[in-house]
2 protein chains.
Amino acid sequence: MDFTPVLDFSGKEPLYQQLYRQISLAIQGGTIAAGQRLPSIRQLAKLSGVGKITVEAAYQQLLTEGYITSRERSGFFAAEIEVWVEPEDLSAASLLPALPDGRDNREDVRYNFHGSVIDTRAFPYREWRTCMLEAMDKYADDFSFYGDRQGEWELRQVLAGYLRRVRTLQCAPEQIVIGTGLQQALSFLCLLLADRHRVVAMEEPGYADARVVFVHHGFTVVSVPLQEDGLSIESLEKSGATVVYTTPAHQYPHGMVLPVAKRHQLLQWARRVGGIVIENDYDGEFRYNVKPTPSLQGMDRDGTVVYIGNFSKAFSPALRMDYTVLPAALLQRYLSSYTAYPSPVCRHLQRTMQLFMQKGHWDKHVRKMRTLYHRKHDLLLKAIHTHMPQAVRVLSHSVGLHMLLEVETERSEDELIEQALAAGVRVYASGRSWAERPVDLLPRIIVGFGGVEEADLDEGVRILAEAWFGAAASA
Amino acid sequence: MDFTPVLDFSGKEPLYQQLYRQISLAIQGGTIAAGQRLPSIRQLAKLSGVGKITVEAAYQQLLTEGYITSRERSGFFAAEIEVWVEPEDLSAASLLPALPDGRDNREDVRYNFHGSVIDTRAFPYREWRTCMLEAMDKYADDFSFYGDRQGEWELRQVLAGYLRRVRTLQCAPEQIVIGTGLQQALSFLCLLLADRHRVVAMEEPGYADARVVFVHHGFTVVSVPLQEDGLSIESLEKSGATVVYTTPAHQYPHGMVLPVAKRHQLLQWARRVGGIVIENDYDGEFRYNVKPTPSLQGMDRDGTVVYIGNFSKAFSPALRMDYTVLPAALLQRYLSSYTAYPSPVCRHLQRTMQLFMQKGHWDKHVRKMRTLYHRKHDLLLKAIHTHMPQAVRVLSHSVGLHMLLEVETERSEDELIEQALAAGVRVYASGRSWAERPVDLLPRIIVGFGGVEEADLDEGVRILAEAWFGAAASA
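Residues numbered from 1 in each chain as written. Chains lettered and ligands numbered in written order. Predicted model: local features only at pLDDT ≥ 70, side-chain atom pairs only at ≥ 80, totals over all residues. Heavy atoms only, no water.

**Observations concerning the overall build of chain A**
Helices and strands together make up the secondary structure of chain A, namely 15 helices and 16 strands. Taking 475 residues into account, the globule formula puts the C-alpha radius of gyration at 23 Å, and chain A, at 31 Å, lies well above it. Along the three orthogonal principal directions, the C-alpha set of chain A runs to about 90 × 55 × 50 Å. Expressed as a percentage of the 475 residues in chain A, the buried residues total 61%. In the form shown here, chain A has an accessible surface area of approximately 18800 Å², with 50% of it arising from carbon and sulfur atoms. (Helix = DSSP H or I, 4+ residues; strand = E, 2+ residues; numbered from the N terminus. Rg over C-alpha atoms; globule rule 2.2 N^0.38 Å. Buried < 20%, exposed > 50% of the residue type's maximum accessible area, 1.4 Å probe, protein only. Areas by Shrake-Rupley, 256 points an atom, 1.4 Å probe, with all protein chains shown as cover.)

Structural data, given as C-alpha cells:
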C-alpha cells in the first residue's frame, strides 16, 4: 500500500484539505479499493511528511462524508462507493450546455408607456430613507428572528386604519396578511380555497397573469363576458363557478367601474352559492374628477369578499409588498391549517412602511401622486385628441394609470406595437387579456402614463401617431 | 319631488361628497324610487342652495357608480338597485363577530433555544446600513418598475460565484431564482413539477413545514425511513416517488450527514426514474471541526438536483430572502411557462445584499458567525455534559445551529417543553417531524444555540436540567 505517489501538496488549500481531497478522489476512482485498509494516522503522517493533526483532520472529514469507515482497534478502511467517472471538463460551460438565458431583457426605449411604471421624480426618497434608518434603530432586534406570519402587527394596524378611512373597508388588523404581490397572493388563496372550490370565474377580457395562477393550481377557469357596465352577472350565475376574480373599481384592461346595482347582485350571488369574490383593487386610489369608488369589500355583509391591495401603484412596484384582507371564515381556515408559511416580506421593509404611514407620509404621497397622475392623465388625453386621427378611440380613462385605445386598422396589435417600438415608443397589447380573443376585434392598445414624464407625453403620443399613421396624421 | 328634507350639509366632507352620499343612500333605501326622475342640475342647485358645479360633481360620481343614469335631453333618473338594508351598527366589532386573533403571540422567555434565532450581537449593522444607503443612491431608478423576475442579475452573479466557491455548486447566474423562503420556494416548485410528478418522498422524520406544502399542493407524500447514515435508498427505490426532498448536509432534525456512497446512489436513482432531488442546504455552511460537506448539486451530472439555500441562518431569518438553483430542464420549463410571476423580493433589498456580497462583507460575516457558533456549539455541548444526567443523550451535533437531545423519561415531549417553559427556557419538540411518530420513541428535544448568548448557555442548560430532573441532577 504505497500512498506516496498519490500525494501532492502543491495546492493552496490547507494541507488537511488537500490530503482529504486526494484520498477521497483515490477512493472514488478505485485507486484505493473498497475495503482496503488505510495507513494509520501515525503511519500516514510519517509517509507524507505532514503532521499527525493534519492527517487526523483529513480522516475526520473522510469519515463524516462516508469515504472511509473506522473499525475499533483495527483502523480505517475505504468504504464501498460506486465507481465514479469524473467528467473531463468541470467548467460551467460544459455542465450547463443548453442553458437558456435567464435574464429579463428589456431594451431601452425613449418613451415607455407601461401601465405599471411609476414616476420616480416624485418618489419620496428623503422620507423613505429617514424611515428606513429609524426602523433599523428602533427595531434592531427584529433581525434576530422571523416576524409575525401575517406581517408586523403595527403595520397591519396603521394599514387597517387607512383602508377603513380611504377605501371604505370593514377591516381589522387581524384580517390582514402582508404579501409580496398579486400572483403570490392568489397562489396562497388557491391553497386556502382548494378544498371547497374548483371553478373560478374571470372577466373576459381580464388579467392574464391572474388567470394563469388559477390554472397552475389546477382550477377550472371559466370566462364571464363583460357588458358595457362590467361583468355579466347573468353569465356568472350560469357559469358554475363558486369563486370570481374581479377588478370592480377599474376593470382590467377595459376600465369601466362596476355600478352599485351589479355590486349588490355580485354579493347576493356569493351569498347564495357560498362563493368567494376576490376583489383586486389594484389602482382604485387613482380616480380623477370624481372621488374613488368605494370598495366592494366595504359593502359585503356576509364575509364573502377577499380584498387585495398593493403598494405598487401609489408607491413603487419594486417594493414587492401588498396585502390581502381575509373574511372571517377564510381567516379561520388560514389560522387553523395554513400557519406553516412564514411571512415572505422582510421585517425591516415592513417596519419602514409602518413608520412611513404612521408619520403621515403615505397619505401625503398618495395625494401628491393623485394630483400628478391627474395632470398626466389630462395631458395624455389631450395629446391623443391632438395627434391621433378619428381611427383611434379612447375606450377608458379617468381611473388608474392607463388608458385603452381602440385602433381602426387592418393591422394587428403586434404590428402596431412593433411599429411603435421601431419609433422608440413602447405601448402594450391587450390581446393576452382574452382567454379567447374574438377574431373580428379591432386592436386595443394599453397606454400607461405613470412612468412618462409630463413634458414628454405630448411628444410621445405624436411619435406614436406618426408611427401608426404617418407624418400627415400627426401634424 | 321634494328633495329638501333629504339634504343636510352639516358634515365635514366637501359639499359635493355630502350631496352624492345623501342621494345615493336615498336611492339605495328606496326614498328615491327606481326610475324616478331627478331634478336637473340647475334645479337642484337652486333647491339646495349649493353651486351648480357642486351638483354637477355629485351627479358625475352618482353616474360613474351607477346610482343614476342619464338619458339624453331628458335628464337624470334613479337606477334600479336591489333594496339594501344598511346594518344598524357598522363598527368593526359588529361586522367581524367571531374574528380569531391573527397575532403570532410569543411570550418572552429568558432563554430561547430556537434553532432559527440568530445572534444579533454579531449582526453587521454598520456595513448593512452603508450598503442600504449606497444601494438607494446607486440604484435609485429601480423604484420605478418591477425588477428581473428571477432576481437582480448582479446579485445572482455574485451569489453564483459564492455558491461555486464555498458550496461546490455547478451554478450559473441564469439558474438562480431569488425567493422569499423555503415554503414559498417549494410552493413554486410544486407548480413547476405538477405536470410530471405526483409522489414526493420525504425523510421520516423530516421537516413538517415542508411536508405540509407538498400536501397543500395535492402531492402524495411518502415517508422514507432514516437509517444511521441518513435516508434509506432502498426504501426510496420502492416508494414509487419521483421527487425526494432531502437535507443531505445536515438531516433535519436528526443531524446526520449523508455519506458520499448514498449521495451517488441517490443521484443514480434520480437518473433512473427521471426524478428530481430537492436539496435543502439550510445550514450546511455551519459545520464545526471539519470543513462543510460538498453539496449534492455539485456532484450531479444529469441535471436532477434542485438546490435551495438561504440567507436566514448566516445572516438573518427576518430578511426573508433565499434562492433556488434550477437544473437546466426545469429552468427551461420555468422560462417557457411560468414567467407570469414577478420576483417577490424588494429590489432595494436585493441590491443591498448584492453590494454587501460584492464588498466582501458576506464572506467575512459567515466566517465570523462560524467561529462564534462553533464556540457556542462547544459551550452548549460542555454545558450538557456538565449539567445533564446520563438520561440525556446528544443525538447530533457538529453541524448547523441546533442539537437533538434524547431524554430517557416517561414524560412526553410536550411535558418536557412545558416544564422548561415554566422555568423560563424554551426548547422545541421534534415530534412534529414525524409523519407517524413511533409510539415507543423517547422524547427528542431540539435545542438551538444561535440566539442564546455565550455567557448564558451554561446557565440556560443548568436551569433546563433542573426543570427536568430537579436541583440534585444539575448540581
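**What about the sheet that holds strand β8 (residues 243-246) of chain A?**
Residues and elements named next belong to chain A. One open sheet holds the eight strands; their spatial order is β4-β11-β10-β9-β8-β5-β6-β7, and the pairing between them is mixed. Edge positions in the sheet fall to β4 (176-179) and β7 (230-231), since each of these pairs with one other strand and no more. Pairing of β4 with strand β11 (residues 322-325) involves four bridges; the strand directions are antiparallel. Within β11, the residue paired with Gly 179 across the bridge is Asp 322. (Pairing = 2+ DSSP bridges.)

**Details of the interface of chain A and chain B**
Listed as interface residues are 107 residues of chain A and, on the opposing side, 106 residues of chain B. Summing both partners gives a buried area of about 9400 Å² for chain A against chain B, and 61% of it is carried by carbon and sulfur. Looking only at chain A, the three residues that lose the most surface to chain B are Phe143(A), Phe145(A) and His216(A), adding up to 7% of its buried area. Between the two partners, chain A and chain B, sit two salt bridges. Across the salt bridge formed by Asp137(B) and Arg129(A), the nearest N and O atoms sit 2.9 Å from each other. Taken together, chain A and chain B are joined by 21 residue pairs in polar contact (both at pLDDT 80 or more). (Contact = heavy atoms within 4.5 Å. Buried area = accessible area lost by both parts, 1.4 Å probe. Salt bridge = Lys/Arg side-chain N within 4 Å of Asp/Glu carboxyl O. Polar contact = N/O pair within 3.5 Å; in protein donor to acceptor, adjacent residues only side chain to side chain.)

**Here we look at the domain arrangement of chain A**
You can read the domains of chain A as domain 1 (1-96), domain 2 (111-117 + 364-474) and domain 3 (123-359). Of note, the centres of domain 1 of chain A and domain 3 of chain A, computed from C-alpha atoms alone, are 57 Å apart. (Domains from an automatic or database assignment.)

**A closer look at unusual backbone geometry**
The residue after Glu204(A), namely Pro205(A), is reached through a cis peptide bond having omega 0°. With respect to the helices and strands, Pro205(A) occurs in the loop between β5 (199-204) and α8 (208-216). In this model, Tyr252(A) is joined to Pro253(A) through a cis peptide bond whose omega is 0°. One non-glycine residue with positive phi stands out, namely Ser398(B), at about 75°. Tracing the chain through its elements places Ser398(B) in the loop between β12 (392-396) and β13 (402-407). The exposure class assigned to Ser398(B) is buried, which follows from its relative accessible area of 16%.

**Considering the confidence of the model for chain A**
Residue and element names in this part refer to chain A. In this model, chain A carries an average pLDDT of 89, and 92% of its residues clear a pLDDT of 70 or more. Between residues 83-95, whose pLDDT stays under 50, and residues either more than four places distant or in other chains, the model counts 13 contacts. Our summary of model confidence lists the complex with pTM equal to 0.86 and ipTM equal to 0.86. (pLDDT = per-residue confidence, 0-100.)

**Some points on the sheet that holds strand β6 (residues 220-227) of chain B**
Strand pairing within a sheet occurs via backbone hydrogen bonds; the two strands may be parallel or antiparallel. Residues and elements named next belong to chain B. The strand order across the open sheet formed by eight strands is β4-β11-β10-β9-β8-β5-β6-β7, and the pairing between neighbours is mixed. Since the sheet does not close on itself, it has two edges, and those belong to β4 (176-179) and β7 (230-231), each with one partner. Where strand β8 (residues 243-246) lies against strand β9 (residues 276-280), four bridges are found, and the strand directions are parallel. Of the residues in β9, the one forming a bridge with Val 244 is Val 277.

**Considering helix α14 (residues 413-422) of chain B**
Residue and element names in this part refer to chain B. Where α14 is concerned, the buried positions are Glu 413, Leu 416, Ile 417 and Ala 420. In a view along the axis of α14, the buried residues occupy a sector of 95°, so they form one face of it. Projecting away from the buried face of α14 at angles above 90 degrees are the exposed residues Asp 414 and Ala 422. Residue Gly 424 follows α14 closely and has a positive phi angle near 90°. (Arc of directions from axis to C-beta.)

**As for the packing of aromatic side chains**
Within a pair of aromatic rings, the relevant descriptors are the distance that separates the centres and the angle that separates the planes. The final tally for this structure, using the stated rule, is 46 aromatic pairs over all chains. Aromatic pair Trp468(A) and Phe469(A): ring centres 6.3 Å apart, planes at 90°, arrangement edge-to-face. Note on Trp468(A): relative accessible area 3%, which makes it buried. Members of the aromatic cluster, connected to one another through ring pairs, are Phe123(A), Tyr125(A), Trp128(A), Tyr162(A), Phe311(A), Phe315(A), Tyr323(A), Phe356(A), Trp362(A) and Phe143(B). The ring of Phe77(B) is capped by Arg71(B), whose NZ or CZ atom sits 3.8 Å from the centre of that ring. Arg198(B) extends its terminal NZ or CZ atom over the ring of Phe219(B), reaching a point 4.7 Å from the ring centre. (Phe/Tyr/Trp six-rings, centres within 6.5 Å; stacked < 30°, edge-to-face > 60°. Lys NZ or Arg CZ within 6 Å of the ring centre and 35° of its normal.)

**Focus on the packing of helix α1 (residues 15-29) of chain A against helix α3 (residues 52-64) of chain A**
All names here are of chain A. Viewed as axis vectors pointing N to C, α1 and α3 meet at an angle of 45°, and their least axial separation amounts to 8 Å. By the angle class used here, α1 and α3 are oblique. Here α1 runs over α3; the crossing is right-handed. Here Leu 15, Tyr 16, Gln 17, Leu 19, Tyr 20, Ile 23 and Ser 24 of α1 come into contact with α3, specifically with Thr 54, Val 55, Ala 57, Ala 58, Tyr 59, Gln 61 and Leu 62. Its residues placed into classes, the contact of α1 with α3 shows ten nonpolar, four polar and no charged. (Axes fitted to C-alpha atoms, helices over the stretch in contact; angles between N-to-C directions. Parallel < 35°, antiparallel > 145°, perpendicular 65-115°, else oblique. Left-handed = near helix turned anticlockwise from the far one by under 90°. Nonpolar A, V, L, I, M, F, W, Y, C, P; charged D, E, K, R; others polar.)

**Observations concerning the pattern of salt bridges**
Residues and elements named next belong to chain A. Scanning the model with the defined rule gives 54 salt bridges over all chains in all. With a shortest N-O distance of 3.7 Å, Lys 238 and Glu 234 are connected by a salt bridge. With Lys 238 and Glu 234 both in helix α9 (residues 233-239) and four residues apart, this pair spans about one turn of that helix. The same class applies to Lys 238 as to Glu 234, namely exposed. With a shortest N-O distance of 3.1 Å, Glu 406 and Arg 444 are connected by a salt bridge. Within this pair, whereas Glu 406 is found in strand β13 (residues 402-407), its partner Arg 444 is found in strand β16 (residues 444-448), the two being separated by 38 residues in sequence. Judged on exposure class, the residue Glu 406 and its partner Arg 444 are both buried.

**Section: the nonpolar core**
Trp128(A), Met353(A), Trp128(B) and Met353(B) are the most contacted members of the largest nonpolar core, which totals 137 residues. For Met353(B), the residues in contact, after removing those within four places along its chain, are Trp128(B), Leu155(B), Phe311(B), Phe315(B), Leu319(B), Met321(B) and Trp362(B). Listed in part, the 59 residues of the second largest apolar core include Phe188(A), Val243(B), Ile276(B) and Tyr338(B). (Core = buried A, V, L, I, M, F, W, Y, C linked by side-chain atoms within 4.5 Å.)

**Some remarks on the pairing of strand β10 (residues 305-310) of chain A**
Residues and elements named next belong to chain A. For β10, a buried count of six out of six residues is recorded, marking the element as mostly surrounded by other parts of the structure. Burial along β10 is two-sided: the face carrying Val 305, Tyr 307 and Gly 309 and the face carrying Val 306, Ile 308 and Asn 310 are both buried. Inspection of the sheet shows strand β9 (residues 276-280) paired to β10 by four bridges, in the parallel sense. From the neighbouring strand, Glu 279 faces β10, where its bridge partner is Tyr 307. Examined bridge by bridge, β10 and β11 share four bridges and lie antiparallel to one another.

**Re helix α6 (residues 153-167) of chain B**
Residue and element names in this part refer to chain B. With 15 residues, α6 extends 20 Å from end C-alpha to end C-alpha; this agrees with the ideal 21 Å at 1.5 Å per step. When α6 is considered as a whole, its buried residues turn out to be Trp 153, Leu 155, Arg 156, Val 158, Leu 159, Ala 160, Tyr 162, Leu 163 and Arg 167. Buried residues along α6 sit against β4, β10 (305-310), β11 (322-325), α12 (347-358) and α13 (361-387). Directly beyond the C-terminal end of α6, a positive phi value near 55° is found at Thr 168. (Expected span 1.5 Å × (residues − 1).)

**Examining the packing of α14(B) against helix α15 (residues 454-469) of chain B**
All names here are of chain B. Packing of α14 against α15 brings their axes to within 9 Å, and their N-to-C directions diverge by 125°. Our classification of the angle between α14 and α15 gives oblique. As α14 packs across α15, the resulting crossing turns out to be right-handed. In this structure, α14 uses Leu 416, Gln 419 and Ala 420 to contact α15, whose residues at the interface are Leu 464, Ala 467 and Trp 468. When its residues are assigned to classes, the contact of α14 with α15 shows five nonpolar, one polar and no charged.

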